[in-house]
Amino acid sequence: MAPLRSLVCFCEGVTTEDVDRALEEGFRDLESLKRRLRVGMGPCQGRYCIPMLISYLSRRLGVPPERLAPPRVRPPLEPVPARLFLGVGDEG
Amino acid sequence: MRIAEHPILEFKRENPHTFAFEGVEVEAFEGESLAAALWAKGVRGLRRVSWGVLGPFCMIGYCSGCLVEVDGRRTRACLEPSRPGLRVGRIGDYVPRLAAEQPGKAEELEVDVMVVGSGPAGLSAAIVSGESGLDVHVFERHFRPGGQLVKQTHKFFGSGELFGGLRGFQIAERLVSRAREVGVRIHTRAPVLGYFKEGFFAVSEGERLLLVKPRAVVVSTGAVERLLPFPGNYLPGVMGAGAAQTLMNEYGVKPGERAVVVGAGNVGLIVSYQLLQAGVRVLAVVEVMPEIGGWLVHAAKIRRLGVPILTRHTVVRAEGGEQLERVVVAAVDERMEPVPGTEKVFDADLLLLSVGLTPESRLLAQMGARMVWSPELGGYVPYRSEYMETSIPGVYVAGDASGIEEATTAILTGRVAGYSAAVRLLGPRRDLLEKREEALRLLREARRTPFSARVVRGLERVIVRVAQ
């Protein structure tokens, strides 16, 4: 039996192989890996994948974790139906 | 399966009812999450994707492993309280529906102190600011307040003032009722979506948006469990140690029959003992380091019950189809790489990861607080004064969001943050300053254990001393 996938990001189904390929393509920092692979853009918003990716990259690239700047955090921090925002700002 | 008998816990199973999952009736009780009821029924894989089935990892509303559709809405099954007659199903291709009803108008709410998260830190901050006469609102994502204390079943050390001798879930009950007694308003199922530069926090509560404008903020958002990359790590049955605690200690649901636990720190050792109490066989505890990380009394307790602790071992892969069936572990060399030929296979349906926690400090990062990476504290944490104020004036941090420790220090940092908020809004009143000093003194005392040495080292780099 072939080994199963090794996931870095559960939300978007990104595997360690996907990360390795992106590294070969030249994506080296978390912000560009996020844009390339959608890591950190799913429902967990990076809570699981980003720490795991920091450890993985730190090992693969031989860079201390504090040198890998985390991707910028933007709202919403939680999944929310967009329609909740419909009631904002239309009072006037 | 539900736990019938437990040596220390009694499960109130009130108001039995059913809901439908994919057309099949599922039995549930009041106060149970859909995820717990589904797990009790034996439903493991909630998310199906083209290449396999994924299971829940966290059970506290952060991972995406329990995303389902409930009456046409997408939600996490672990954050959804069961109610009679709900129609629950796996998520398919998402077709946004036209909303049947318009959402309620966004409502503005001005408060003195906004507390984000209702764990030990948040409730303690809320209580001391509430006692000072301030208008305090706590916002909690889950449907019940208390944070992760609700699944802690061991008795706490310490004096009565720090709830010594009580079990975690009992401490949660005390904190919640004390908070309500002093007029704190606890909003449940009310996640904070972010801070907006117009000066408000957006909170989703019910079917409307709340725009909260606080005069001071305490961020006590806790932590999330760490995950490891290895083949099969997404299989239903692979989960965080804390997720298993939620199932068995909070809901009385057996997380599995045969377990392997990764990590022999205190969490791994305690959860192994709790698995045995819940009637789960623990096949092995594996620890990558040469030595057991947790207290030796905990290790001795599970060893006496026949659980092998394999040091210098790691998990190399998980195997299974619809759910976890086997766990393969191997010895590691001095570079922590698995040594070929040393594999051991366990027929397990549960693999718990207790490999550390990461501070959940995202709200502070989003607000623009100055953050720093601290390996000793578990990840990115905000710089703060010894009074728990972050680089943003009037914004405080407390508990695991400020660095991974434990519940007692969370209570104390919560009190410090709560008094600091009160001092900011009410002036440097002598009684407040004295009580804050007392909380700081207890905090220094609580950090005298050998396990705190690392934390104390980490704190030296993140606490910015300010002249008062």
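Criteria and thresholds
- Residues numbered from 1 in each chain as written.
- Chains lettered and ligands numbered in written order.
- Predicted model: local features only at pLDDT ≥ 70, side-chain atom pairs only at ≥ 80, totals over all residues.
- Heavy atoms only, no water.
- Contact = heavy atoms within 4.5 Å.
- Buried area = accessible area lost by both parts, 1.4 Å probe.
- Salt bridge = Lys/Arg side-chain N within 4 Å of Asp/Glu carboxyl O.
- Polar contact = N/O pair within 3.5 Å; in protein donor to acceptor, adjacent residues only side chain to side chain.
- Helix = DSSP H or I, 4+ residues; strand = E, 2+ residues; numbered from the N terminus.
- Phe/Tyr/Trp six-rings, centres within 6.5 Å; stacked < 30°, edge-to-face > 60°.
- Buried < 20%, exposed > 50% of the residue type's maximum accessible area, 1.4 Å probe, protein only.
- Lys NZ or Arg CZ within 6 Å of the ring centre and 35° of its normal.
- Axes fitted to C-alpha atoms, helices over the stretch in contact; angles between N-to-C directions.
- Parallel < 35°, antiparallel > 145°, perpendicular 65-115°, else oblique.
- Left-handed = near helix turned anticlockwise from the far one by under 90°.
- Nonpolar A, V, L, I, M, F, W, Y, C, P; charged D, E, K, R; others polar.
- Domains from an automatic or database assignment.
- Pairing = 2+ DSSP bridges.

(A) The arrangement of the interface of chain A and chain B in detail. Chain A puts 42 residues into the contact, and the matching count from chain B is 52 residues. Of the roughly 4100 Å² buried between chain A and chain B on both sides combined, carbon and sulfur atoms contribute 65%. In this structure, Glu207(B) and Arg83(A) form a salt bridge, with 2.5 Å as the shortest nitrogen-oxygen distance. On inspection of chain A and its partner chain B, the count reaches 13 residue pairs in polar contact (both at pLDDT 80 or more). Per-element accounting of the side of chain A that touches chain B gives the leading share, five residues, to helix H3 (residues 49-61) of chain A.

(B) Just the packing of aromatic side chains, in detail. Applying the stated criterion across every chain, the model contains six aromatic pairs over all chains. Ring geometry for Tyr48(A) and Phe57(B): centres 5.7 Å apart, planes at 80°, overall edge-to-face. Here the residue Tyr48(A) occupies a position in the loop between helix H2 (30-37) and H3, and Phe57(B) occupies one in the loop between strand S4 (52-54) and strand S5 (67-70), the pair thus bridging two chains. Tyr48(A) gets classed as buried once you look at its relative accessible area, which sits at 6%. For the cation-ring pair, Arg141(B) lies above Tyr62(B), with the distance from its terminal atom to the ring centre recorded as 3.9 Å. Above the ring of Tyr387(B), the side-chain terminus of Arg436(B) is found at 3.7 Å from the ring centroid.

(C) Local environment of helix H4 (residues 241-250) of chain B. Across the ten residues of H4(B), ten count as buried, placing the element largely inside the fold. Residue Gly252(B) follows H4(B) closely and has a positive phi angle near 70°.

(D) Representation of the environment of Glu108(B) within the structure. All names here are of chain B. One can find Glu 108 in strand S8 (residues 107-116). Taking the C-alpha atoms as reference, Glu 108 lies 27 Å from Arg 415; in sequence the two are 307 residues apart. Every residue in contact with Glu 108, bar those within four places of it in the chain, is listed here: Leu 211 and Lys 213.

(E) Molecular detail of the pattern of salt bridges. Residues and elements named next belong to chain B. Applying the stated rule across the entire model yields 36 salt bridges over all chains. In this structure, Glu 131 and Arg 178 form a salt bridge, with 2.7 Å as the shortest nitrogen-oxygen distance. Taken together, the positions of Glu 131 in helix H2 (residues 120-131) and Arg 178 in helix H3 (residues 168-181) put the pair 47 residues apart, joining distant regions of the chain. Taking the relative accessible area as the measure of exposure, Arg 178 reaches 32% and is therefore partly exposed. Residue Glu 389 pairs with Arg 424 through a salt bridge whose shortest N-O separation is 3.9 Å. In this pair, Glu 389 sits in the loop between strand S25 (379-382) and strand S26 (395-397) while Arg 424 sits in helix H8 (residues 407-426), placing the two residues 35 residues apart along the sequence. Exposure remark for Glu 389: the relative accessible area of 25% places this residue in the partly exposed category.

(F) Structural context of the packing of H4(B) against helix H5 (residues 266-277) of chain B. Residues and elements named next belong to chain B. One can describe the packing of H4 onto H5 by two numbers: an axis separation of 10 Å at closest approach and a directional angle of 30°. Classified by the interaxial angle, the pair formed by H4 and H5 is roughly parallel. Crossing angle aside, the handedness with which H4 passes H5 is left-handed. For the pair formed by H4 and H5, the contact residues are Ala 241, Gln 245, Met 248 and Asn 249 on the first element and Val 267, Val 271, Gln 274 and Leu 275 on the second. Here the residues of the contact of H4 with H5 are counted per class, giving five nonpolar, three polar and no charged.

(G) The arrangement of the domain arrangement of chain B in detail. Residue and element names in this part refer to chain B. Under the domain assignment, chain B is made up of domain 1 (17-90), domain 2 (107-224 + 358-462) and domain 3 (238-357). The straight-line distance from the C-alpha centre of domain 1 to that of domain 3 is 25 Å. Taken together, the 14 residues of domain 1 in the interface contact 13 residues of domain 3. Note on domain 1 versus domain 3: buried area summed over both sides is about 1200 Å², and carbon and sulfur give 60% of it. Looking at the side of domain 1 facing domain 3, the largest losses of area belong to Trp 39, Phe 57 and Met 59, adding up to 43% of the total buried there.

(H) Highlighting unusual backbone geometry. In this structure, Pro76(A) follows Pro75(A) across a cis peptide bond, with omega equal to 0°. Unusually for a residue other than glycine, Arg38(A) sits at a positive phi of about 70°. Inspection of the secondary structure puts Arg38(A) in the loop between H2 and H3. Look at Arg38(A) and you get partly exposed, because its relative accessible area is 38%. In this structure, Asn15(B) is a non-glycine residue whose phi angle is positive, near 45°. Asn15(B) gets classed as partly exposed once you look at its relative accessible area, which sits at 47%.

(I) Spotlight on the sheet that holds strand S16 (residues 258-262) of chain B. Residue and element names in this part refer to chain B. Strand order in this open sheet of five strands is S15-S22-S16-S17-S18, and the pairing throughout is parallel. The open sheet has two free edges, formed respectively by strand S15 (238-240) and strand S18 (309-311), since each of these has just one partner strand. When the angles between neighbouring strand axes are averaged without regard to direction, this sheet yields 20°. Where S16 lies against strand S17 (residues 281-287), five bridges are found, and the strand directions are parallel.

(J) Spotlight on the pairing of strand S1 (residues 17-21) of chain B. All names here are of chain B. Alternating positions in S1 separate cleanly, His 17, Phe 19 and Phe 21 being buried on one face and Thr 18 and Ala 20 remaining unburied on the opposite face. Here five bridges tie S1 to strand S2 (residues 24-28), and the two strands are oriented antiparallel to one another. Bridge assignment links His 17 to a residue of S2, and that residue is Ala 28. When S1 meets strand S7 (residues 87-90), the two strands line up parallel, connected through two bridges.

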